[in-house]
Amino acid sequence: MAVPAAFFALFFAYPVTAIVGRGFKAEGDWQFGRIGDVLSRPDILDVLWFTTWQALASTALTLLIALPGAYVFARFDFPGKQVLRAVATVPFVLPTVVVGTAFLALLGRGGLLDELWGVRLDTTVWAILLAHVFFNYAVVVRTVGGLWSQLDPRQEEAARVLGAGRFAAFRRVTLPALAPAVAAAALMVFLFTFTSFGVVQILGGPAYSTLEVEIYRQTAQLLDLPTAAVLTLVQFAAVGGILAVHAATVRRRERALKLVDPAQTSRRPRGAGQWALLGGVLLTALLLILLPLGVLVERSFDGPGGYGFGYYEALQTVGAGGSSTFLVPPLEAVANSLRYALVATLIALVVGGLAAAALTRRAGRLVRGFDALLMLPLGVSAVTVGFGFLITLDKPPLDLRTSWILVPLAQALVGVPFVVRTMLPVLRAVDDRLREAAAVLGASPLRAWREVDLPLVRRAVLVAAGFAFAVSLGEFGATVFIARPDNPTLPVAVARLLGRSGELNYGQAMALSTILMLVCAVSLLLLERVRTDRSGEF
């Protein structure tokens, strides 16, 4: 626990505490009475209610749509499976401003629905919910599907032989085994939708505001740091309580599972019902994922003089079209993002892997409480974290304001929870008797972990690496405050282009977003191939 605890203390707890403390301190005195004043305001109460309601609705809708997809990817073998799995993960790394713009082109004025049927869904809660499902579909598919593919199907088949119906066998055998993974996926979806910013701001309009949107508005627009500090504390407390309840629920339902090679559980669909389920999942992926991404690509080629590569060519020069948005060609953001994401992934794997290993031992209440604390970076405002980095990491021995490592550290904060949540269910499913047998035969703890745990969790490590790399590529909230003008990341570059008027800037933003999408898709496809090639090593 030493390394994860030190990492979170230095790069999360310290910056957040410092920025919140400034909001409550005035003329040397602490003003905690501001909490009651802020929370009694009707506009703040409306924000709190909508934040909670839309997060619950988004989580339920995501589980409803994505769980069939998790089953299909875990149990069925069909052409293009690896490509589709990689494509389904691409939305998760796209900047929220890009996704909001893409859905606005589908659902807003002059969008696809408006042109075909005269229907507009922008400035409605349905646009927000659909965009949230678009973002988080892969979270459920990969988190639940990863464990589902390793469950021995013969256990459910034995229940069927003993007289249980298909649904009863699933409810009594498979669902309890999947419960920790489902709970972990639901938790991640809830946290991301609870702290939603770009989607709500673009698609919801002035009628809807989440805590994250309100914190940004109070900080950047109204310069009301005390109100922003109160809202940050509320968000922090709410997320902490949810994580504590979740950790207790998961612990009560944990048990050792018989894990097998996924190659033994995957087969081609048989029967009309299974083919219909596969077709439904493919149709959902087409409408929910490929259609918005297709709009994004189409806009990147749709220039003033017709379709072409004009926007892509403009990315290679500084100040194209009279723009002074960048000190370097926007295309350099691609190489910057890849370098930052690789370093952030390595940090997240080390910190998250050690944390998951510590949590597996269940060594007292301190470790169990640390389980919930690891998820807090996903529930705290990225605006708060970014400002905190600027005001705290500016003095020796942590004067990192001019260091390149600052960006990967901020990205790793978001990647570590994914590593922990992906590896923990699999680590806890490993039968302790295997470790004990290795110890009896003379293996040291390190060798027992290498010979027993690692072969079983290798897939989980690769999935965790893919998630950490993906979220690092798309991290925007904190990075926008600390990325240097001469070394922008892809999301920061896209946001800067979208923030400037002009058709050329907008087209360059779409072109850069398309490049980000392709880089992520290729990276995830390579990861899928590695996982498939090594699946026989269990």
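Because the structure is a prediction, the values reported are computed rather than measured. (Residues numbered from 1 in each chain as written. Predicted model: local features only at pLDDT ≥ 70, side-chain atom pairs only at ≥ 80, totals over all residues. Heavy atoms only, no water.)

Helix and strand content of the protein: 23 helices and 4 strands. Within the span of the protein, comprising 538 residues, buried residues form 54% of the whole. As displayed, the protein has an accessible area near 22,800 Å², and 64% of this comes from carbon and sulfur atoms. (Helix = DSSP H or I, 4+ residues; strand = E, 2+ residues; numbered from the N terminus. Buried < 20%, exposed > 50% of the residue type's maximum accessible area, 1.4 Å probe, protein only. Areas by Shrake-Rupley, 256 points an atom, 1.4 Å probe, with all protein chains shown as cover.)

With that out of the way, let us pick up the packing of helix α18 (residues 406-429) against helix α20 (residues 445-474). Helix packing for two helices is described by the angle between their axes and how far apart those axes are. Viewed as axis vectors pointing N to C, α18 and α20 meet at an angle of 155°, and their least axial separation amounts to 8 Å. Our classification of the angle between α18 and α20 gives roughly antiparallel. As for the relative orientation of α18 and α20, their crossing is right-handed in sense. When α18 is examined against α20, the residues Gln 411, Val 414, Gly 415, Phe 418, Val 419, Thr 422, Met 423, Val 426 and Leu 427 are found in contact with a partner set consisting of Asp 453, Leu 456, Val 457, Ala 460, Val 461, Val 463, Ala 464, Phe 467, Ala 468, Val 471 and Ser 472. (Axes fitted to C-alpha atoms, helices over the stretch in contact; angles between N-to-C directions. Parallel < 35°, antiparallel > 145°, perpendicular 65-115°, else oblique. Left-handed = near helix turned anticlockwise from the far one by under 90°. Contact = heavy atoms within 4.5 Å.)

To continue, consider the nonpolar core. Counting 147 residues, the largest nonpolar core has Phe 7 and Phe 389 as the members making the most contacts within it. With sequence-adjacent residues up to four places away left out, Phe 389 is seen in contact with Phe 11, Pro 15, Leu 406, Ala 410, Leu 413 and Ile 482. (Core = buried A, V, L, I, M, F, W, Y, C linked by side-chain atoms within 4.5 Å.)

With respect to the helices and strands, Ala 511 occurs in helix α23 (residues 503-533). Once residues within four sequence positions are removed from consideration, Ala 511 is found in contact with Ser 300, Tyr 311, Tyr 312 and Leu 315.

A separate point is a nonpolar patch on the surface. Taken together, the side chains of Leu 112, Leu 116, Trp 117, Val 119, Leu 283, Leu 286, Leu 287, Leu 290 and Leu 291 define a hydrophobic patch exposed on the protein surface, amounting to about 830 Å² of accessible area. Secondary structure elements with two or more residues in the nonpolar patch: α6 (112-117) and α13 (271-301). For the nonpolar patch, the element with the most residues is α13, which contributes 5 residues. With respect to the element layout, Leu 291 can be found in helix α13. Classification of Leu 291 as partly exposed rests on a relative accessible area of 35%. (Patch = residues over 30% accessible without salt bridge, like charges linked within 9 Å, V, L, I, M, F, W, Y side chains within 5 Å. Salt bridge = Lys/Arg side-chain N within 4 Å of Asp/Glu carboxyl O.)

This model, assessed by the stated rule, comprises 1 salt bridge. Residues Asp 43 and Arg 41 are paired through a salt bridge, measuring 3.1 Å at the closest nitrogen-oxygen approach. Given the relative accessible area of 33%, Asp 43 is considered partly exposed. The class for Arg 41 is partly exposed, based on a relative accessible area of 26%.

Next up on the list: the environment of Leu 187. Counting through the fold element by element, Leu 187 comes out in helix α9 (residues 166-194). In this structure, the C-alpha to C-alpha distance between Leu 187 and Ile 242, residues 55 residues apart in sequence, is 8.4 Å.

Turning to the side chain of Thr 193, a few remarks are in order. Checked against the element boundaries, Thr 193 lands in helix α9. For Thr 193, the side chain forms a polar contact with the main-chain oxygen of Phe 190, separated by 3.1 Å. Ignoring anything within four residues of it in the chain, the contact list for Thr 193 reads Gln 54, Ala 55, Ser 58, Thr 59, His 132 and Asn 136. (Polar contact = N/O pair within 3.5 Å; in protein donor to acceptor, adjacent residues only side chain to side chain.)

A few words on the packing of helix α5 (residues 96-107) against α13. Two numbers describe how α5 lies on α13: the axes approach to 9 Å, and their chain directions differ by 95°. Here α13 runs roughly perpendicular to α5, going by the angle between their axes. Judged by residue contacts, Val 98, Ala 102, Phe 103, Ala 105 and Leu 106 of α5 engage Leu 288, Leu 291, Pro 292, Val 295, Leu 296 and Arg 299 from α13. Partitioning the contact of α5 with α13 into residue classes produces 10 nonpolar, no polar and 1 charged. (Nonpolar A, V, L, I, M, F, W, Y, C, P; charged D, E, K, R; others polar.)

Bringing the packing of aromatic side chains into the picture now. Throughout the structure, instances matching the rule amount to 14 aromatic pairs. Seen from their ring centres, Tyr 71 and Phe 76 are 5.5 Å apart, and the 75° between their planes marks the pair as edge-to-face. The buried category is assigned to Phe 76, whose relative accessible area is 0%. Residues Phe 190 and Phe 194 carry aromatic rings whose centres are separated by 5.5 Å and whose planes lie at 25° to one another, so their mutual orientation is stacked. (Phe/Tyr/Trp six-rings, centres within 6.5 Å; stacked < 30°, edge-to-face > 60°.)

Moving on, we get to the confidence of the model for the protein. A residue-level look at the protein finds 86% of positions with pLDDT of 70 or above and a mean pLDDT of 79. Throughout residues 534-538 the model reports pLDDT below 50, and contacts reaching past four residues in sequence, or to other chains, amount to 10 contacts. (pLDDT = per-residue confidence, 0-100.)

The α-helix advances 3.6 residues per turn, and as a result positions three or four apart in sequence lie on the same side. An ideal rise of 1.5 Å per residue puts 16 Å on 12 residues; α5 measures up with 16 Å between its terminal C-alpha atoms. All of the buried residues along α5 are Val 97, Val 98, Val 99, Gly 100, Thr 101, Ala 102, Phe 103, Ala 105, Leu 106 and Leu 107. (Expected span 1.5 Å × (residues − 1).)

A few words now on helix α7 (residues 125-148). In this model α7 runs 32 Å from its N-terminal to its C-terminal C-alpha over 24 residues, within 8% of the 34 Å that 1.5 Å per residue would give. Of all the 24 residues making up α7, 22 are buried; the element is thus mostly covered by neighbouring parts of the structure.

This part is about the side chain of Asn 336. Secondary-structure assignment places Asn 336 in helix α15 (residues 332-360). Within polar-contact distance, the side chain of Asn 336 engages the backbone oxygen of Pro 488 at 3.1 Å.

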